[in-house]
Amino acid sequence: MSKKGFFTDTTLCIGCKACEVACKQWNQLPDDGFKFTGLSYDNSEHLGSSTWRHVAFVERPMALGMQVSGAGNFSWLMMSDVCKHCARAGCLESCPTGALVRTEYDSVYVQPDVCNGCGYCVSACPFGVIDRREDDGRAWKCTLCYDRLKADMTPACAKHCPTASIQFGDLVELRVRAQQRVEELHRRGTTEAYLYGADQPGTEGLNAFFLLVDKPEAYNLPPDPVVPTRKVRRSWVSLAGAAVAMAALAVAAVTGV
Amino acid sequence: MKWHLSPGRNRDGDGRNIDESLGVLAGEGAHQDVRETAGKGARPVPEPKERAESTADRDSYYGLPMLKEPVWKWPIPTYFYVGGLAGASAALGMAAGRFGGPELRPLCERTRIIAAGGAVASSALLIWDLGRPSRFLNMMRVFRPTSPMNVGTWLLGAFGGFSTIAALLRQKRTGLLGPIGDAAAFAAGVAGIPLAGYTGVLLSNTSVPLWQGARTTLPPLFMASAVTSAASALDLCTLPPAAQRAVRRYGIAGKIAEIAIARMLEREAGVVPRVIAPLHEGVSGSLWKAAKICVVASLAAGVLRQRRLAGWLGTVGSLALRFAMVKAGTASTLDPRASFEQQRARLGAAEVTGPAPELEQGTAVPAPERVLVPAGA
């Protein structure tokens, strides 16, 4: 089975939220309440236990590339966010039960019949994607439509995207296509375009990567994410040192040396 | 708002819009239990501290948190205290049993009771905080060294077994059972030492900016605090003079280490001011300050041989320290700029991998002033 993933080209996103709706509907997720945030057109705010696709709306007082806007120096960026299915996933590496697994499509999947709701993955994810649903007690996130992939179908969000902003496919091929798209945009004057996550060193790549035109922070993405496990060796070493010190201290306290 | 509710028989109002007489619930999220309707079961995005009305500065997304708030409630910091207390007690008990004379036997017995009681209480607290407590044994269906929580579960399991045997056999000194009890107490001490500090590794192994930023000093801090906790609990027990002296030495050294390491932690995490901010302000800041004051006061009381006072102050201080650390970490996840600034200061992946190409290309280019070109020109 080849590695599958998403390439989300934010320059094509029109903010229709068909991906959010298709994801909810196909996966039969409950609603998150109907609230009005007043933050541009964004009323879902963030990915969560029952929101597996989320469209961000960024309003900027500056024009984009060679684009001409009736509003003058203004641009409206939209990005459909999703679980990144990191090549090295913080959630998976921290999961104490083995509920989080890597599938044959190289996606990261939570097994709902195994998860005991410890909540460690929630804090381990460098992107704030996975979350625990409090009345359910377990952690949930995007499955890359595992059931649809099994039936040789495209994930619901990519299938419903009317502008091909969300592209699903073979990762090797997607990366080539994404690189070509960046070059094309640069040729056409949108020199800000770059790929986020195609080769993210901290996670050894993201299986869902993005084409962005502003810095990651503007989209609520971390500029330099890292799987926590890669940095924690130092903690284990210092634990070992402190353990020796504590044993010595206990002996010294008892013998009075 | 009846119109968006499902007309299905058993799923009234779960927000799925599926009529079960017409549709089948088989989706990937179909078995997500909904007990609270209108989205109240899902955790809401917390109201940001610095909410922005627009994204004009592009430094954050309306100030909304980038990370998810930790889900842990009060049982977890309480466990950090109780587990540390049990582990450090067992360690002192091990040393007293192996290197101490018969005059320290009451100390051995007391530490065995504290260790076993702490192990039982720890397990209860941990299971209580699970989203699905009935599935707690799933923690032991794998061995996963990349997950400090999994390693800790095995450690606590082993510790619980040894310390319980040691506690049950605490009054047996001769025959077959005496040496078994002593061996179990020794094994509990060996397991108890890492048990007292792995919780620091557990917190470090997250994306929480404060905990990740303090990852060298957090495990030793928790171990020093565990020594304080154990000595303080033993200070509150009736013990013969020889045992009191051993506990006093243990406590004084633990408290000095705790104060010194807390200072080092402030320096380690303080490289990025926003990351350390929750240790200086708000509820977590007050708790952190209270913890430090209590430990210093407890140290003074210990030096002046005021056992009971030192015991109470040390206990309160250790508890406050764990709550301060958990609360401050939570606060640092709610501030998206804490992570952003930490990673921009090359303390993200760059620390282990060298700078990310995206970080260099995509962002180093400041968006230039653009000349508008009319369409078709």
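Residues numbered from 1 in each chain as written. Chains lettered and ligands numbered in written order. Predicted model: local features only at pLDDT ≥ 70, side-chain atom pairs only at ≥ 80, totals over all residues. Heavy atoms only, no water.

Draft legend 1. Inspection of the sheet that holds strand β9 (residues 194-196) of chain A at higher detail. Residue and element names in this part refer to chain A. Read across the sheet, four strands follow the order β8-β1-β10-β9 without closing on themselves; strand pairing throughout is mixed. Strands at the two margins of the open sheet, each flanked by one partner only, are β8 (166-170) and β9. Averaged over neighbouring strand pairs, the angle between their axes works out to 25° when direction is ignored. The pairing of strand β1 (residues 4-9) with β8 spans five bridges and is classified as antiparallel. Its bridge partner lying in β8, K4 is registered against D170. Where helix α6 (residues 171-187) meets the sheet, it contacts β1, β8, β9 and β10 (208-212), and its direction lies at approximately 135° from that of β8. (Pairing = 2+ DSSP bridges. Helix = DSSP H or I, 4+ residues; strand = E, 2+ residues; numbered from the N terminus. Axes fitted to C-alpha atoms, helices over the stretch in contact; angles between N-to-C directions. Contact = heavy atoms within 4.5 Å.)

Draft legend 2. A look at the nonpolar core. In this structure, B:L107, B:L221, B:Y250 and B:M325 are the most contacted members of the largest nonpolar core, which totals 159 residues. For this core, the leading source of residues is helix α1 (residues 75-99) of chain B, giving 14 residues. Inspection of this core shows a minimum of three residues originating in each of domain 1 (4-226) and domain 2 (228-257) of chain A. (Core = buried A, V, L, I, M, F, W, Y, C linked by side-chain atoms within 4.5 Å. Buried < 20%, exposed > 50% of the residue type's maximum accessible area, 1.4 Å probe, protein only. Domains from an automatic or database assignment.)

Draft legend 3. Just the interface of chain A and chain B, in detail. Counting from both sides, the interface comprises 124 residues of chain A and, opposite them, 120 residues of chain B. Overall, the association of chain A and chain B removes approximately 10000 Å² of surface from exposure, summing both partners, and the carbon and sulfur fraction of that is 56%. Its salt-bridge partner being A:E134, residue B:K73 comes within 3.5 Å of it at the nearest N-O pair. Summed over the shared surface of chain A and chain B, the result is 64 residue pairs in polar contact (both at pLDDT 80 or more). Sorting the residues of the side of chain A that touches chain B by element identifies α1 (18-27), β2 (53-60), α2 (90-94), α3 (120-124), β6 (131-132), α4 (146-150), β9 and α7 (233-255) of chain A as the ones contributing at least two each. Here the side of chain A that touches chain B gets 16 residues from one element, more than from any other, and that element is α7(A). Residues that form the side of chain A that touches chain B fall into these classes: 65 nonpolar, 34 polar and 25 charged. (Buried area = accessible area lost by both parts, 1.4 Å probe. Salt bridge = Lys/Arg side-chain N within 4 Å of Asp/Glu carboxyl O. Polar contact = N/O pair within 3.5 Å; in protein donor to acceptor, adjacent residues only side chain to side chain. Nonpolar A, V, L, I, M, F, W, Y, C, P; charged D, E, K, R; others polar.)

Draft legend 4. Representation of the domain arrangement of chain A in the model. Residues and elements named next belong to chain A. On domain assignment, one finds that chain A holds domain 1 (4-226) and domain 2 (228-257). One C-alpha centre belongs to domain 1, the other to domain 2, and the line joining them spans 41 Å. On the domain 2 side, the residues contacting the eight residues of domain 1 number four residues. Together domain 1 and domain 2 conceal approximately 520 Å² of surface at their shared face, both sides included; 55% is due to carbon and sulfur atoms. The partner of E204 in a salt bridge is R230, with the nearest N and O atoms 3.6 Å apart.

Draft legend 5. Main features of a nonpolar patch on the surface. Taken together, the side chains of B:F136, B:L137, B:M140, B:F143 and B:W154 make up a nonpolar region of the molecular surface, amounting to roughly 490 Å² of accessible area. Along the polypeptide, B:F136 turns up in the loop between α2 (105-129) and α3 (148-168). (Patch = residues over 30% accessible without salt bridge, like charges linked within 9 Å, V, L, I, M, F, W, Y side chains within 5 Å. Areas by Shrake-Rupley, 256 points an atom, 1.4 Å probe, with all protein chains shown as cover.)

Draft legend 6. Up close: the packing of aromatic side chains. All names here are of chain A. Counted under the stated rule, the structure contains 13 aromatic pairs over all chains. Residues Y41 and F57 carry aromatic rings whose centres are separated by 5.9 Å and whose planes lie at 45° to one another, so their mutual orientation is tilted. Taken together, the residues Y41 in the loop between α1 and β2 and F57 in strand β2 connect sequence positions 16 residues apart. Measuring from centroid to centroid gives 5.9 Å for Y105 and Y146, while their planes differ by 70°, and the two rings are edge-to-face. Highlighted residues: Y105 in the loop between β4 (100-102) and β5 (108-110) and Y146 in helix α4, separated in sequence by 41 residues. (Phe/Tyr/Trp six-rings, centres within 6.5 Å; stacked < 30°, edge-to-face > 60°.)

Draft legend 7. Looking closely at the environment of B:I113. Residue placement: B:I113 occurs in helix α2. A C-alpha to C-alpha distance of 8.2 Å links B:I113 and B:T164, two positions 51 residues apart in sequence.

Draft legend 8. Fine view of the layout of surface pockets. The computed volume of the largest pocket comes to approximately 990 Å³. Lining the largest pocket are 42 residues, and of these A:K24, A:D31, A:D32, A:G33 and A:T51 sit closest to its centre. In terms of residue count, α1(A) provides more of the lining of the largest pocket than any other element does, five residues in total. The residue inventory of the lining of the largest pocket, partitioned by class, reads 15 nonpolar, 14 polar and 13 charged. The computed volume of the second largest pocket comes to approximately 480 Å³. Breaking the lining of the second largest pocket down by element, the ones donating at least two residues are α1, α2, α3 and α4 (177-204) of chain B. (1 Å grid on protein atoms, 1.4 Å probe; cavity = no way out; pocket = protein on both sides within 12 Å on 5 of 7 lines; lining within 4 Å. Points joined across faces, edges and corners; volume = space filled by probe spheres on them.)

Draft legend 9. A look at α1(A). Turning to α1(A), its buried residues are A:C19, A:E20, A:A22, A:C23 and A:N27. Positive phi shows up at A:Q28, right after α1(A), with a value of about 55°.

Draft legend 10. Local environment of the packing of α7(A) against helix α6 (residues 218-235) of chain B. Where α7(A) contacts α6(B), the axes come no closer than 8 Å and their chain directions differ by 25°. Taken together, the axes of α7(A) and α6(B) are roughly parallel relative to one another. Seen from above, α7(A) lies across α6(B) with right-handed handedness. Contacts between α7(A) and α6(B) involve A:S235, A:S238, A:L239, A:A242, A:A243, A:M246 and A:L249 from the former and B:P219, B:P220, B:M223 and B:V227 from the latter. Across the contact of α7(A) with α6(B), the residue classes tally to nine nonpolar, two polar and no charged. (Parallel < 35°, antiparallel > 145°, perpendicular 65-115°, else oblique. Left-handed = near helix turned anticlockwise from the far one by under 90°.)

Draft legend 11. Broad picture of the side chain of A:H54. Here A:H54 shows up in strand β2. A residue is classified by how much of its surface remains accessible, and A:H54, at 4% relative accessible area, is buried. There is a polar contact of 3.3 Å between the side chain of A:H54 and the backbone oxygen of A:E45. The residues contacting A:H54, other than those within four sequence positions of it, are A:E20, A:D42, A:S44, A:E45, A:H46, A:L47, A:M79, A:S80, A:D81 and B:Y61.

Draft legend 12. Focus on helix α9 (residues 282-303) of chain B. All names here are of chain B. An ideal rise of 1.5 Å per residue puts 32 Å on 22 residues; α9 measures up with 32 Å between its terminal C-alpha atoms. Within α9, the full set of buried residues consists of S284, G285, W288, A291, C294, V295, S298, L299, A301 and G302. As for α9, its buried residues are in contact with α6, α7 (241-269) and α10 (307-334). One or two steps after α9, the chain reaches R305, where phi turns positive at roughly 60°. (Expected span 1.5 Å × (residues − 1).)

Draft legend 13. Geometry of the pattern of salt bridges. All names here are of chain A. Going through the model one piece at a time under the given rule, you end up with 40 salt bridges over all chains. For the salt bridge of D106 with K3, the shortest nitrogen-to-oxygen distance reads 3.9 Å. Taken together, the positions of D106 in the loop between β4 and β5 and K3 in the segment before β1 put the pair 103 residues apart, joining distant regions of the chain. Under the relative-accessibility criterion, D106 is labelled buried at 14%.

Draft legend 14. Focus on the side chain of A:T8. Along the chain, A:T8 turns up in strand β1. With near-sequence residues (within four places) excluded, A:T8 lies in contact with A:R53, A:S80, A:S165, A:I166, A:F209, A:F210 and A:L211.

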